[in-house]
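# Geometric and topological summary
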Amino acid sequence: MELSAAPPAIFLVDIDAFFAQVEQILQPELKGRPVIVGGLVTDRSVVASASYEARARGVKTAMPLAQAHRICPDAVFLRGNFHAYARFSREMMDLCRRYTPLVEPMSLDEAYLDVTGCRRLFETQGIISAGDAWPLEAADHLKRTLKREMDLFVTVGVAASRLVAKIACDYAKPNGVAYVKPGYEAPFLAPLPLKVLPGIGPRTAERLARYNLHQVCDLVRIPPAMLAAHFGPAAEVLAARARGIDSSTVNADLGDPKSISRETTFETNLIARDAMLAMLYYLMERACRQLRDDGLLARTVTVKVRYADFLTEGRSRSLPTFSDHDDDFWPLVSQLFSKVYTRRVGVRLVGVTLSHFGPNGRQMGLFDETAYRRRSEFYRSVDGIRKRFGFSVLATGRSIELLETHERDSNGFKLRTACLSR
Amino acid sequence: MKVVCDRATLTRGVQIASGVVAPKSPKPALGCIKFESRPGRVTLLATDLEVGIRVELDKMDVQQPGDSLIPADRLHGILRELEADTITLSSTNQETEIVAPGSRFKVLGDDPNDFPMVPEFPAPAEAPAGKKKEKNGAEEAKPAEPVVEGIFSAGADDLLGLIKRTLFATAKENTRYALNGVLWEVAGNSLTLVATDGRRLSLARGKCKNGPKDTASAIVPSKAMLLIERCLTDGVEAEGQVRILIREKDILLEMPPVDGARRIVYSRLVDGHFPKYEDVIPKDFDKKATLSTAAFAAAVRKAALLTNEESRGVSLKFSEQELVVTSRTPEMGEAEVRITVEYAGEPMEVGFNPVYLLDAVKVIDSEQFVFNLKGPNKPGVITEGKLFTHVVMPVSIV
């Protein structure tokens, strides 16, 4: 690799108030109005996303909807259209990939980009001029392109490291671009409150406050040895972060998911095991289909249950070999569920996560190879039929029990909330 | 009970017996080793209700016969720390006092009557347990011909070889119960052991004496197999004979006496159907590679350095006179190792889990072995003469 003196140029692109903004794009009459995605006021759910109009009135993410309604009664409450969000997310990521192949999606609405090596390219494309502030120009260009092509407001943080790009992005929200020039990290961070540093949550911040440390510059002044005495091994990382030092790279390979999750909150809290199992089957089915769509094999499955009092339990188990078949995972899911669901308390949410993705080659079996191949063909047919006629055209396994209780559209059962984390 | 013991002999016996003890059993008696002290002989018993062992001890001076239960882990720990050559064990009620020069322990045990029965060979076998004390002596006299019907015997070293070639291939997970054991098939003078975890299968053929005319088969759990292996590697003479009795629900093995003391392993059999293993051993091959055992193992080990659990496979590319072993893992890198091979057939490439290949090659004693192949995504069969056959399924190249 050639040694290059040029400092890295990292972007963090973050879509402002993602779900709410997508709703405002899809329904232009909502523009300028407070929009809250998460559920109808009567739903007992929490705010998943609030538009900046709502945020200005004090509505925060994860606030119960009823409370949001109290402080912002004229807001438009929506249950959300998660397929649309996933589509917007995909389009945004694709657009980013036009600028650089090194795009690492962090969530649906957030991605790191490494454009270090793209300077020449941008120059020939006329995206940037010859000056040293070229990353800022490129970020601005990206931001304008997203607005023009997708009508999407984003905030871009630009810096020589992921850490500073992230902090710069938070600093510039909403609808902004912030560029921290290489070498100016320390003065940029110095006046900021300590909680902007990743790894400093409310509790650590409180601990630091007890030592009269409030701003990043306060932390920089503490000798590393003293910091280590109080914070142990974490001190080194903390000290480096406070100085804006972070050598982690943008890893586009991580574009491959590390896990596939499907979860949903029930309309009302459930106590019926069968109904929960039926939903778990459906969620597992969706996750497995995603797995096959991505051409992956997984080994580990996690079942999550959130009780009415928000106590959340999850447990995992692994298959002996990698698989992408629903019926390999189902026995584990149902066993895990009986281990996880132990309290006599209503359940508000269940979820399934597949993880520990496997090799490109699959270890073949001695006794069940034919059966395996037959099942693979079966699932391929099922996926094919669903791709053509919509997910709902087939209902399989225990999810059949949902037919009586849940409405369907072509995308499958209509769930109150869906989570597509990857 | 009061016994003056040779510490080394006792420690060795306790070590073997401890391997059976159920460490966290709800029945406290099962966490103990039972001492049965009779005039002239002490027998240690341990069981987890599935597997059991009786270890006879010599060099014991039984001053007062009786039974007692002593917690295995505490006894083992104490014996490890003591240096004296002889120690004295004396029990009253459920307490055992262990006395050595300068040390005294009082260990609380359990009621000997609570200890389950550890099955023995049926009575007639008792008589000819011919004790011939001759340490490191040349030929150990065989016990007289067994009287009980169904008892057959196998050479200690032969049996150890069969176990070594199969036990590693048993399933480690509990998905299919029958795969957590080793299948024994006895007929006439042949004893065959088979083990598989569903992705590879190991078959080892050996000889025995006085086997039944009709094939008798049994699935012996892995834990019992490990115990047998331990007994056979613990001072047993290679030429000694192991007496074996397979019954409907259990198996009994009597190891060749060590210094005149017998060890008997008991195990319940796995209740289940072993898969039809003959069906998965392919017979029609058009490609055959003859490889140096050491060179092949070294090549696979080298290529495996750049694999992980996620990437798994190493690829074997066979062509005339050369085998190229390669691996490639996205975040790690790649490796390529070439060795010479005697190969007959069309050039081909096939992927395997390197761990499986190494496990199989490790148990081959000969300098060379044969790797029979059909093609990519088809099983490979490693053979060492007629005695060892190992089928290994490939990693499919998607």
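Refer to the preceding data block for the structure.
Keep in mind that what you see is a predicted model, and the values were worked out from it rather than measured. (Residues numbered from 1 in each chain as written. Chains lettered and ligands numbered in written order. Predicted model: local features only at pLDDT ≥ 70, side-chain atom pairs only at ≥ 80, totals over all residues. Heavy atoms only, no water.)

### Considering the overall build of chain B
Put simply, the rule reads: Secondary structure elements follow DSSP: runs of H or I of four or more residues count as helices, runs of E of two or more count as strands, with numbering from the N terminus. A simple rule labels every residue: compare its accessible area, found with a 1.4 Å probe on the protein chains alone, to the largest value its type can have, and call it buried under 20%, exposed over 50%, or partly exposed in between. Working rule for contacts: check all heavy atoms of both residues, and any pair within 4.5 Å makes them a contact. All accessibility values rest on the Shrake-Rupley procedure with a 1.4 Å probe; residue burial counts only the protein chains present in the view.
Looking only at helices and strands, chain B has seven helices and 27 strands in total. Burial status across chain B gives 56% buried among its 398 residues. Taking contacts inside chain B between residues at least 6 apart in sequence as the whole, the part at least 24 apart equals 68%. Counting only carbon and sulfur atoms, one obtains 49% of the accessible surface of chain B, whose full area is about 18,500 Å².

### What to know about the sheet that holds strand S24 (residues 368-373) of chain B
Strand pairs in the sheet, formed through backbone hydrogen bonds, run parallel or antiparallel to each other. Residue and element names in this part refer to chain B. We count it as follows: Strands pair, by our definition, only if DSSP identifies at least two bridges between them. Angles here are taken between N-to-C directions and fall from 0 to 180 degrees, while the axes themselves are lines fitted to C-alpha atoms, restricted in helices to the stretch in contact.
Spatial strand order, S14-S11-S12-S13-S26-S25-S24-S18-S22: nine strands in an open sheet with antiparallel pairing. Strand pairing shows two members of the sheet lacking a second neighbour, strand S14 (216-221) and strand S22 (342-344), which therefore form its edges. Sheet twist, expressed as the average angle between the axes of neighbouring strands with direction ignored, equals 15 degrees. Two strands pair when backbone bridges link them, and strand S25 (residues 380-384) and strand S26 (residues 388-392) are joined in this way by five bridges, in the antiparallel orientation. Residue Thr383 lies in a different strand from S26, and its bridge partner there is Thr389. Here helix H3 (residues 156-166) sits on the sheet in contact with strand S11 (181-187), strand S12 (190-196), strand S13 (200-207), S25 and S26, set at roughly 170 degrees to S13.

### Remarks on the nonpolar core
Residue and element names in this part refer to chain B. Note the following rule: By convention a nonpolar core is built from buried Ala, Val, Leu, Ile, Met, Phe, Trp, Tyr and Cys residues, the set being connected through side-chain atoms within 4.5 Å.
Among the nonpolar cores identified, the biggest contains 100 residues, and Trp184, Phe296, Leu316, Phe318 and Phe371 are the most heavily contacted of them. When residues of this core are assigned to their parent elements, the largest contribution, six residues, is made by helix H4 (residues 222-232). In contact with Phe296, other than residues within four places in its own chain, are Leu291, Leu316, Leu323, Ile339, Leu357, Val361, Phe369 and Phe371.

### Focus: the packing of helix H4 (residues 82-99) of chain A against helix H6 (residues 134-150) of chain A
All names here are of chain A. We apply this condition: For classification, angles of less than 35 degrees are called roughly parallel, those exceeding 145 degrees roughly antiparallel, those between 65 and 115 degrees roughly perpendicular, and all remaining angles oblique. We call a crossing left-handed when the near helix sits turned anticlockwise from the far one by less than a right angle, and right-handed when that turn is clockwise. Each residue receives one of three labels: charged for Asp, Glu, Lys and Arg, nonpolar for Ala, Val, Leu, Ile, Met, Phe, Trp, Tyr, Cys and Pro, and polar for the others, Gly being one of them.
Where H4 meets H6, the axes come as close as 11 Å, and the angle between the chain directions of the two elements is 140 degrees. Viewed along their axes, H4 and H6 adopt a mutual orientation that is oblique. The two elements H4 and H6 meet at a crossing, and its hand is right-handed. From H4, Phe88, Glu91, Met92, Leu95, Cys96, Arg98 and Tyr99 reach across to H6, where they touch Ala138, His141, Leu142, Thr145, Leu146, Glu149 and Met150. Residues belonging to the contact of H4 with H6 are distributed by class as follows: nine nonpolar, two polar and three charged.

### Observations concerning the sheet that holds strand S19 (residues 314-319) of chain B
All names here are of chain B. The strand order S21-S20-S19-S23 describes an open sheet built from four strands, whose pairing is antiparallel. Lying at the two open borders of the sheet, with one neighbouring strand each, are strand S21 (333-340) and strand S23 (348-352). Ignoring strand direction, the axes of neighbouring strands in this sheet form an average angle of 20 degrees. The pairing of S19 with strand S20 (residues 322-329) spans five bridges and is classified as antiparallel. Counterpart to Lys317 in the pairing with S20 is Val324.

### With respect to the interface of chain B and chain A
As a reminder, the rule being used: In short, buried area is how much 1.4 Å probe accessible area vanishes from two parts on joining, totalled over both. Put simply, a salt bridge is a Lys or Arg side-chain nitrogen that is within 4 Å of an Asp or Glu carboxyl oxygen. Nitrogen and oxygen atoms within 3.5 Å of one another constitute a polar contact, given that in protein one can donate a hydrogen and the other can accept it, and given that sequence-neighbouring residues count only through two side-chain atoms.
Each partner contributes residues to the interface: chain B has 24 residues there, and chain A has 16 residues. Carbon and sulfur atoms supply 62% of the area that chain B and chain A bury against each other, a total of about 1,700 Å² over both sides. At the boundary of chain B and chain A, one finds zero salt bridges. If you look at where chain B meets chain A, you find four residue pairs in polar contact (both at pLDDT 80 or more). Listing elements by their share of the side of chain B that touches chain A, those giving two or more residues are S13 and strand S27 (395-396) of chain B. Of the residues in the side of chain B that touches chain A, the class split is nine nonpolar, seven polar and eight charged.

### Details of the pattern of salt bridges
The full count for this structure, using the stated rule, is 53 salt bridges over all chains. Note that Asp326 of chain A and Arg292 of chain A form a salt bridge whose closest N and O atoms lie 2.9 Å from each other. In this pair, Asp326 of chain A is assigned in helix H14 (residues 326-340) and Arg292 of chain A in helix H13 (residues 273-293), connecting sequence segments 34 residues apart. Accessibility classification places Asp326 of chain A together with Arg292 of chain A in one group, the buried group. Across the pair Arg12 of chain B and Asp234 of chain B runs a salt bridge whose closest N-O atoms are separated by 3.3 Å.

### Some remarks on unusual backbone geometry
Omega for the peptide link from Lys173 of chain A to Pro174 of chain A comes to -15 degrees, which places this bond in the cis form. On the secondary structure map, Pro174 of chain A appears in the loop between helix H7 (162-172) and strand S8 (177-179). Here Leu49 of chain B, not a glycine, exhibits a phi torsion of approximately 80 degrees, which is positive. By the secondary structure assignment, Leu49 of chain B is in the loop between strand S3 (41-47) and strand S4 (51-57). Located in the positive-phi region is Gln321 of chain B, a residue other than glycine, with phi close to 70 degrees. As for its placement among the helices and strands, Gln321 of chain B is situated in the loop between S19 and S20.

### Things to note about the packing of helix H6 (residues 293-304) of chain B against helix H7 (residues 354-362) of chain B
All names here are of chain B. Viewed as axis vectors pointing N to C, H6 and H7 meet at an angle of 155 degrees, and their least axial separation amounts to 10 Å. What the angle tells us is that H6 and H7 run roughly antiparallel. The element H6 and its partner H7 pack so that their crossing is left-handed. Between H6 and H7, the contacting residues are Thr293, Phe296, Ala297, Val300, Arg301 and Ala304 on the first element and Pro354, Leu357, Leu358 and Val361 on the second. When grouped by side-chain class, the residues that make up the contact of H6 with H7 number eight nonpolar, one polar and one charged.

### Looking at the pairing of strand S15 (residues 241-246) of chain B
All names here are of chain B. Buried residues dominate S15, accounting for six of its six residues. Of the two faces of S15, the one lined by Gln241, Arg243 and Leu245 and the one lined by Val242, Ile244 and Ile246 are each fully buried. Examined bridge by bridge, strand S10 (residues 151-155) and S15 share five bridges and lie antiparallel to one another. Along S15, the bridge assignment pairs Ile151 with Leu245. In this sheet, strand S16 (residues 250-254) lies alongside S15 in antiparallel orientation, the contact comprising four bridges. Counted as the bridge partner of Arg243 is Glu254 from S16.

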